[in-house]
Amino acid sequence: MNIAKIAVLGSGTMGSGIAQVAAQSGYEIVLIDVEKSLVDRAITGIGKALQKAVDKGKMTAEDKEQVLARMKGSITYDDCKEVDLVIEAIIENMDIKKDVYKKLDELCPVHTILASNTSSLSITEMAAATKRADKIVGMHFFNPAQVMKLVEVIPGLDTSQETLTVVTELSKKMGKVPVNAKESPGFIVNRILVPMINEAVIALGEGIGTKEEIDTAMKLGAGMPMGPLALADLVGIDVVLAVAEVFHKEFADSKYRPALLLKQMVRAGHLGLKTGRGFYNYK
Ligand code: CAA
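As the structure is a prediction and not an experimental result, all values here were calculated from the model.

Cut-offs applied
- Residues numbered from 1 in each chain as written.
- Predicted model: local features only at pLDDT ≥ 70, side-chain atom pairs only at ≥ 80, totals over all residues.
- Heavy atoms only, no water.
- UniProt positions renumbered as here; feature names shortened; annotations may be inferred.
- Helix = DSSP H or I, 4+ residues; strand = E, 2+ residues; numbered from the N terminus.
- Contact = heavy atoms within 4.5 Å.
- Polar contact = N/O pair within 3.5 Å; in protein donor to acceptor, adjacent residues only side chain to side chain.
- Buried < 20%, exposed > 50% of the residue type's maximum accessible area, 1.4 Å probe, protein only.
- Near = heavy atom within 4 Å.
- Areas by Shrake-Rupley, 256 points an atom, 1.4 Å probe, with all protein chains shown as cover.
- Nonpolar A, V, L, I, M, F, W, Y, C, P; charged D, E, K, R; others polar.
- Domains from an automatic or database assignment.
- Phe/Tyr/Trp six-rings, centres within 6.5 Å; stacked < 30°, edge-to-face > 60°.

1. Brief notes about the UniProt feature "binding site: NAD(+)" (unreviewed entry) in the protein chain
Right, so step 1: Look at the UniProt record and you will see "binding site: NAD(+)" (unreviewed entry) annotated at G10, S11, G12, T13, M14, G15, D33, E92, K97, S119, N143 and K274.
Right, so step 2: By the secondary structure assignment, S11 is in the loop between β1 (5–9) and α1 (13–24).
Right, so step 3: S11 has contacts with S16, L31, I32, D33, L38, V39 and A42, leaving out every residue within four places of it along the chain.
Right, so step 4: A distance of 2.7 Å separates polar atoms of two side chains, one belonging to S11 and the other to D33.
Right, so step 5: Tracing the backbone through its elements, the reader meets K97 in helix α4 (residues 94–107).
Right, so step 6: Residue K97 is classed as buried on the basis of its relative accessible area, which comes to 0%.
Right, so step 7: Polar side-chain contacts of K97 include one of 2.5 Å to the side chain of E88.

This is the structure in C-alpha cells:
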C-alpha cells in the first residue's frame, strides 16, 4: 500500500512536529485541530523552524517553500476523507479518542490506516471503537519529533501484519528508526523513562538535591542529554502525570504511584515549557 497523503490530528507540540517531519519527507499533509488559531499557530511555528534550517544552511529557501506548500491547515475532519493515513496526536483521554476513532472510521476510505501517537493508552481499546481493528496501530514519536530518531510501532490485538509493515516502512521513509513494542502501558520507552522521572520528582520533594543538582547529576552521572526534571518540562508535566497515572491504575502496583509534587504542579497549571513555568522558569 502506498501512502501519499497524511492527516495529522492535533496541532500541539507532537502533532506539529510530526506534521513537519512528514512534510519534509515528501508527504502531503493536512494538519487538523479544533480551532483555526491553534492550526495557524502551529503552521507559523513550522515555518519559523524551517526558516531556522535555511539560515543554518541545512535547507534551501526553495525546499522550505515546497515543504510548506505540501502542508494545509484545517478545522474539519472532513479533510480525512481523502487521506491514506491519519496520525492522531490529540489529548490523552480515552473517551475523547474513542469518539474521534469512531468518527474517523465513518469518514475515511476503507484503505486508510489510523495510527495513534499515544504515550501509554491501549491501541486495542481505540480499535474497538471502529470496524477496522486491523488498520489501527500505535505510531509513537518522541519529543522533539523533528530530532528524536525513534518511532515505537505497536500492534493492538487485531492489527494486521500489513498495517505494521506499512507504518514501519513509513517511519523509515520519515528518517526514523522503528522499534516494535508489545501493547502494554507505556510500551518500552515510557515504561522505563516515566518511573525514572517520577523518582526524580520524589527525590526533589525529599530534598535529596536541588533541581539543578538532580539534573546535573543525571546528565553527568548517567549520560542523559538533559536532566529528568528539565525533560519533564520539555515533555509536559501533565503528560508525565497522565502516563504515571495510567501505570498506577493498570499495574495496580504502588511502585508506580505518581509523586505528589507532580500532581501539585499540574493542579497549579505549571506544565513546563508550554506554559512558561515548570520545574524551571522559561519566561
Ligand atoms: N524542535 C525542533 N528542533 C529542535 C528542538 C525542538 N524542540 N530542540 C532542539 N532542536 C534541534 C536544534 O535546532 C538542533 O538542530 P541542528 O543540529 O540542526 O542545529 C539540534 O536539535 C540540537 O539542539 P541543541 O543544540 O539546541 O540542543 P541539544 O544538543 O542539547 O539537543 C535535545 C536538544 C534534542 C532536546 C536533547 O537535549 C535531547 O535529546 N533531550 C532528550 C529528549 C528526550 O529524551 N525526548 C524523549 C522524551 S519522552 C517522549 O517524548 C515520549 C512521551 O510519550 C512522553
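2. Quick word on the site of the ligand
Right, so step 1: Within the structure, the ligand sits among 17 residues, and K56, K58, H140, N143 and N190 are positioned closest to it.
Right, so step 2: Side-chain polar atom of K56 to an oxygen atom of the ligand: 2.6 Å apart, as the coordinates give it.
Right, so step 3: For the ligand, an oxygen atom lies 2.8 Å from a polar atom in the side chain of H140.
Right, so step 4: Expressed as a share of its isolated accessible area of 1,000 Å², the protein-covered part of the ligand is 58%.
Right, so step 5: Of all the secondary structure elements, the ones that give two or more residues to the shell around the ligand are α7 (189–205) and α9 (228–235).
Right, so step 6: Counted by class, the shell around the ligand contains 10 nonpolar, 5 polar and 2 charged residues.
Right, so step 7: When residues are assigned to domains, the shell around the ligand turns out to be shared by domain 1 (5–180) and domain 2 (188–275), each giving three or more.

3. Here's the deal with the packing of aromatic side chains
Right, so step 1: Counted by the stated rule, this structure contains 3 aromatic pairs.
Right, so step 2: Ring plane angle 55° and centroid distance 5.9 Å describe the contact between F247 and F251, whose orientation is recorded as tilted. Residue F247 and its partner F251 are both found in helix α10 (residues 237–251); the two are separated by 4 residues, about one turn of the helix.
Right, so step 3: Overall, the relative accessible area of 1% leaves F247 in the buried class.

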